[in-house]
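Architecture and fold: a report
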Amino acid sequence: MAKTKTVFQCQSCGYTSLKWLGRCPDCGAWNSFSEERAVETIKGRERAVPLSFEEINPTSGIRQSTEIKEFDRVLGGGVVPGSVILIGGDPGIGKSTILLQAVEGLSRAVGKALYVSAEESPEQLKMRAERLSVTSRDIIILPETSLEGILKSVAELKPKVLVIDSIQTIYTEELPSAPGSVGQVRDCSTKLMFLAKKTGCPVFIIGHVTKEGAIAGPRILEHIVDTVLYFEGEKGQPLRILRAVKNRFGSTNEIGVFEMQDNGLKGVENPSELFLSERPEKIPGSAVISTIEGTRPLMVEIQALVVPTSFGMPRRTALGVDYNRVNLLIAVLEKRLGLHLGNMDVFINVVGGIKIDEPATDLAIAATIASSLKNIPVDHRTFVFGEIGLSGELRAIAQADIRVKEASNLGFKRGIIPIGNLQRMKEDHRVEVELIGAKDVEEALDILLF
Ligand code: TYD
Ligand code: MG
């Protein structure tokens, strides 16, 4: 009898080896190899037909709405037929909730939806559905963990939308390894991908996230699917941000903002208002930045607290902005403005638990630090943006017009911005808000903190 071929596979990146290894040569993970049956190549597959562009009719133009504006926005305007969408996030963040809500919207437009619940019992799902007032008869619940079982039900029911909750709890009978292992996750999602492409039925896959913040099991999963969405948010806070980190059918870094309420996730139409709603007036160490997330301007408050170090090394903490960037800005403030921060602890926080990752935040961070140190508040109706160079120069940034427009919509009266941006600004914006151009951080802070 032929011996079954087995290979050892890294459970964090999918690297395969014939021998067991203590450390993965590819991703460097320790003790991550487990034995799995070697995957045989698929034989007898139909040959693909070569096509010219003229013969191709794109279906991606047709999008199906989930009837949740914020969700559609993150997807790039709705669900593309035949696409595979992965939704990742911490347990309890709201993945099952948003999908149940989205599936109801979708089923109204396209028809039957199959919700595979491999984690929760149908009773649990029913309780959630009642809470969300989801009553659609077109949503069919399938408590199934075997992929073969799921595929059979799909063939029978012919759903127009499929949800897998979650990929780590389903398994294919072809592999002996446990659900959640790299082999299982990869095989199951590949088969689901084939299903989506063949039938045009969009497939939503829920994936758990590890402590390190990656989708558990494999990075491979991210390569297989068309779209990867991450749910972010702080436990105990109602705010949730859905972020597209990969999207074959739309822009990445697009975000949707939601609030978790008693009856489900509700889209937040104007997140800027929410982020600024509890902003204290005339308190030093706070500044508002006009930032861009995807195509969308957001006004966010940045706070700093600068206090004398009690002993030893000064502490620097950055929540929501890059730690190294904060250190760099502290160095610039010390060198160019002569601020004494060497014996000060500096804490930076972005209000609302949101993360900002763009250099345009520089001026706001510098302004809050200086404001807290000097104990002078930044004017309540002034916003800032601009990148700071190592010699303290204020550099122009992208999409200044949209940022100014959002600020003006929210009632801001004055903006301190890089002179380069001011020169290129369209005339009509200058009327709505008073814009002051600064050439370097010193000039900007002189205007902000007098
Ligand atoms: P859930 O969607 O089950 O999270 P996930 O699938 O990502 O693990 O969300 C569970 C949490 O959301 C739970 O703590 C209860 C809360 N929740 C509400 O606050 N309101 C609601 O309407 C629902 C359905 C859940
Ligand atoms: Mg869930």
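Residues numbered from 1 in each chain as written. Chains lettered and ligands numbered in written order. Predicted model: local features only at pLDDT ≥ 70, side-chain atom pairs only at ≥ 80, totals over all residues. Heavy atoms only, no water.

Further remarks concern the site of ligand 1. Lining the immediate environment of ligand 1, one finds 16 residues, of which Gly92, Ser96, Thr97, Arg128 and Gly264 sit closest. A distance of 2.8 Å is found between an oxygen atom of ligand 1 and a backbone nitrogen or oxygen belonging to Lys95. Here Gln261 contributes a backbone N or O atom positioned 2.7 Å from a nitrogen atom of ligand 1. Computed on the free molecule, ligand 1 has an accessible area of 550 Å², of which 75% lies beneath the protein chains in the complex. Listing elements by their share of the shell around ligand 1, those giving two or more residues are α2 (95-110), α3 (122-131) and β11 (255-261). Counting residues per element, the shell around ligand 1 draws most heavily on α2, which supplies three residues. (Near = heavy atom within 4 Å. Polar contact = N/O pair within 3.5 Å; in protein donor to acceptor, adjacent residues only side chain to side chain. Areas by Shrake-Rupley, 256 points an atom, 1.4 Å probe, with all protein chains shown as cover. Helix = DSSP H or I, 4+ residues; strand = E, 2+ residues; numbered from the N terminus.)

Turning our eyes to something else, we now look at the pairing of strand β15 (residues 316-319). Only one face of β15 is covered, namely the one carrying Arg316 and Ala318; the face carrying Thr317 and Leu319 has none of its residues buried. Two elements, β15 and strand β16 (residues 344-350), share four bridges in a ladder whose sense is parallel. Bridge pairing links Ala318 to Ile348 in β16. Considered for its hand, the β-α-β crossover made up of β15, helix α8 (residues 323-337) and β16 is left-handed. (Buried < 20%, exposed > 50% of the residue type's maximum accessible area, 1.4 Å probe, protein only. Pairing = 2+ DSSP bridges. Right-handed = clockwise from strand over helix to strand, strands pointing away.)

Our next topic: the sheet that holds strand β3 (residues 33-37). Ordered in space as β2-β1-β3, the three strands form an open sheet in which the pairing is antiparallel. Whereas interior strands pair on both sides, the edge strands pair on one side only; in this sheet they are β2 (16-17) and β3. Across the face of the sheet, helix α5 (residues 182-199) comes into contact with β1 (6-10) and β3 while running at roughly 95° to β1. (Contact = heavy atoms within 4.5 Å. Axes fitted to C-alpha atoms, helices over the stretch in contact; angles between N-to-C directions.)

Moving on, we come to α8. Residues separated by three or four positions in an α-helix point in the same direction, a consequence of the helix having 3.6 residues per turn. Here α8 contains 15 residues, and its C-alpha end-to-end distance of 21 Å stays within 8% of the 21 Å for a straight helix at 1.5 Å per residue. Burial in α8 covers these residues: Val326, Leu329, Ile330, Val332 and Leu333. Viewed along the axis of α8, the buried residues span an arc of 160°, placing them on a single side of the element. Within α8, the exposed residues directed more than 90 degrees away from the buried face are Asn324 and Lys335. Check the buried side of α8 and you find it contacts β15, β16, α9 (362-374), β18 (387-388) and α13 (441-448). Gly338 lies just past α8 and shows a positive phi near 65°. (Expected span 1.5 Å × (residues − 1). Arc of directions from axis to C-beta.)

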